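Chains, contacts and geometry: an overview
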Amino acid sequence: MPDDIPFNKTFPLAPETVQQVTPLVRRVLCDNPGPFTFTGSVSYIVGRGEVAIVDPGPEDERHANALLEAVRGETVTHIFVTNTHRDHSPGVPRIKAATGAVVCAEGPHRPARPLHIGEHRVLDSAGDLDFRPDRRLADGEVVAGDGWSIEAVATPGHTANHMAYALREEKALFAGDHVMAWATSVIAPPDGAMSDYMASLDKLMRRGETLYFPGHGPEIPDAPLFVKAYIAHRKGREESILHRLGKGEADIPTLVRAIYIGIDPRLTGAAGLSVLAHLEDLVARRIVATQGAPSIDGLYRLAV
Ligand SMILES: [Zn+2]
């Protein structure tokens, strides 16, 4: 693949230290680095005095303590959760117990579609099935705090319940795992759905935020340009799949080998799921055909 997205992997933030990024935003990095989390999950603190926390992160006592230390002498009124993968929401109960904050999110974890027989989750960033928000937010709903107001922006795709949060005072967006500066987002069925994901990218393109704060890695300063490159990248990947299928029927491992050159071996499982996500979308659009429902071990061909 050409390096078509202007990735930024420079993120010198040390774990469990507080960094002020803009007048209203501070961030704290959890020490949970990995192939899917980059240097770790980033939690954000919004406001001064009466604050909100976006994504408390995984179940991690040190991280929870660092967050609580960062807001010592302040009141945490709200907790916002972008998605319910295990690197984002399991830290909620500790923060809620210590602060009494209201937990806001789109809803509990759920797959993007019904599970096929025998289908199981392959990714290690599996869902936090215990998560329940106190307050379910609808797309466009605004939660106002002391000196800040946050608009819920429903962005399904990475997970069915993924929500980004627009900080109106700073024209900034907490983008969760939907758009990240360091890598593309993993779209892995059954949690993720490519058609939803692409529609959510288009939705962000129509919005006015120029600065994104992702769930992992550094901020994105030219967000609309970056999102445009993200969309072009996915369309390029779709074209690669169609190009390979133009040479004949193929299974997912064959497509992964044809498309992902030099991939980190730890990511081949995720790459296979990402190709499956594209194929589900292509089959729904009747561009690609397969036997029965699209599955990880199916055979795929162009639908003529
Ligand atoms: Zn994540």
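So, here's what we can say about the structure. (Residues numbered from 1 in each chain as written. Predicted model: local features only at pLDDT ≥ 70, side-chain atom pairs only at ≥ 80, totals over all residues. Heavy atoms only, no water.)

1. Examining the overall build of the chain
A count of helices and strands for the chain gives six helices and 15 strands. C-alpha atoms of the chain, sized along the principal axes, occupy 65 × 40 × 35 Å. Across the 304 residues that make up the chain, the buried fraction comes to 54%. Of the contacts formed within the chain by residues at least 6 apart in sequence, a portion of 63% connects residues at least 24 apart. Within the chain, the 39 negative side-chain charges are centred at a point lying 4 Å from the centre of the 31 positive side-chain charges. (Helix = DSSP H or I, 4+ residues; strand = E, 2+ residues; numbered from the N terminus. Buried < 20%, exposed > 50% of the residue type's maximum accessible area, 1.4 Å probe, protein only. Contact = heavy atoms within 4.5 Å. Lys, Arg positive; Asp, Glu negative; His and termini not counted. Charge placed at Lys NZ, Arg CZ, Asp CG, Glu CD.)

2. Section: the coordination of the zinc ion
Bound to the zinc ion on the protein side are Asp87 (OD), His88 (NE2), Asp177 (OD) and His216 (NE2), at distances that span 2.0 to 2.2 Å. Of note is the zinc ion, whose four donor atoms meet at the metal with angles of 84 to 150° in an arrangement that counts as irregular. All donors of the zinc ion come from a single chain, and their spacing in sequence reads D-H-x88-D-x38-H. Residue His88 is found in the loop between β5 (75-80) and α2 (92-99), and its partner His216 is found in the loop between β12 (211-214) and α4 (223-245); the two are separated by 128 residues along the sequence. (Donors = N, O, S within 2.8 Å, 3.2 Å for Na, K, Ca; no water. Tetrahedral: all angles 85-135°; square planar, octahedral: opposite > 155°, others 65-115°.)

3. Describing the sheet that holds strand β2 (residues 25-29)
Across the sheet, which stays open at both edges, the seven strands sit in the order β1-β2-β3-β4-β5-β6-β7 with mixed pairing between neighbours. Taken across any chain shown, the strands that pair with only one partner, and hence form the sheet edges, are β1 (18-22) and β7 (135-136). Direction of pairing for strand β6 (residues 102-105) relative to β7: parallel, over a ladder of two bridges. Directly across from Cys104, in β7, lies its bridge partner Arg135. (Pairing = 2+ DSSP bridges.)

4. With respect to unusual backbone geometry
Residue Pro190 is reached from Pro189 by a cis peptide bond, and omega for that bond is 5°. Inspection of the secondary structure puts Pro190 in the loop between β11 (172-176) and α3 (194-205). One non-glycine residue, Asp55, lies in positive phi territory at about 60°. Position of Asp55 among the secondary structure elements: in the loop between β4 (50-54) and α1 (61-70). Judged by relative accessible area, which is 3%, Asp55 ranks as buried. A positive phi angle, near 45°, is found at Lys171, a position not held by glycine. Mapped onto the secondary structure, Lys171 falls in the loop between β10 (163-167) and β11.

5. Topic: the pattern of salt bridges
Side chains that differ in sign of charge can pair as their charged atoms come close. The tally for this structure, following the rule as stated, stands at 16 salt bridges. Between Glu106 and Arg110 there is a salt bridge; the shortest N-O distance is 3.0 Å. Ionic pairing is found between Arg207 and Glu151, a salt bridge with its closest N-O pair at 3.1 Å. One end of the pair, Arg207, is in the loop between α3 and β12; the other, Glu151, is in strand β9 (residues 149-154), with 56 residues separating them in the sequence. Residue classification places Glu151 among the buried residues on the basis of a relative accessible area of 13%. Through salt bridges with shared partners, a single network forms among Glu151, Arg168, Arg207 and Glu209. (Salt bridge = Lys/Arg side-chain N within 4 Å of Asp/Glu carboxyl O.)

6. Overview of the environment of Asp297
Locating Asp297 in the fold gives a position in the loop between β14 (288-290) and β15 (299-302). At 3.2 Å, the side chain of Asp297 forms a polar contact with the side chain of Ser295. (Polar contact = N/O pair within 3.5 Å; in protein donor to acceptor, adjacent residues only side chain to side chain.)

7. Re the side chain of Arg244
The residue Arg244 is located in helix α4 in this model. Summary of buried charges: Arg244 has no salt-bridge partner, and the nearest side chain of opposite charge, Asp251, is 7.1 Å away. One polar contact links the side chain of Arg244 to the main-chain carbonyl oxygen of Gly248, over a distance of 3.4 Å. For Arg244, the contacting residues outside a window of four places in its chain are Glu249, Ala250, Thr254, Leu255 and Ala258.

8. Remarks on the packing of aromatic side chains
If you walk through the whole model with that rule in mind, you get seven aromatic pairs. Seen from their ring centres, Tyr44 and Phe174 are 5.2 Å apart, and the 55° between their planes marks the pair as tilted. Of the two residues, Tyr44 is situated in strand β3 (residues 42-46) and Phe174 in strand β11; the sequence distance between them amounts to 130 residues. When sorted by exposure, Tyr44 lands in the same class as Phe174, which is buried. Between Phe80 and Tyr165 the ring centres are 5.0 Å apart and the planes differ by 55°, which places this aromatic pair in the tilted class. You can see Phe80 sitting in strand β5 and its partner Tyr165 sitting in strand β10, a full 85 residues away along the chain. For the pair Phe80 and Tyr165, one class covers both residues: buried. Feature note: the residues Tyr44, Phe174 and Phe213 constitute an aromatic cluster, connected by ring pairs. (Phe/Tyr/Trp six-rings, centres within 6.5 Å; stacked < 30°, edge-to-face > 60°.)

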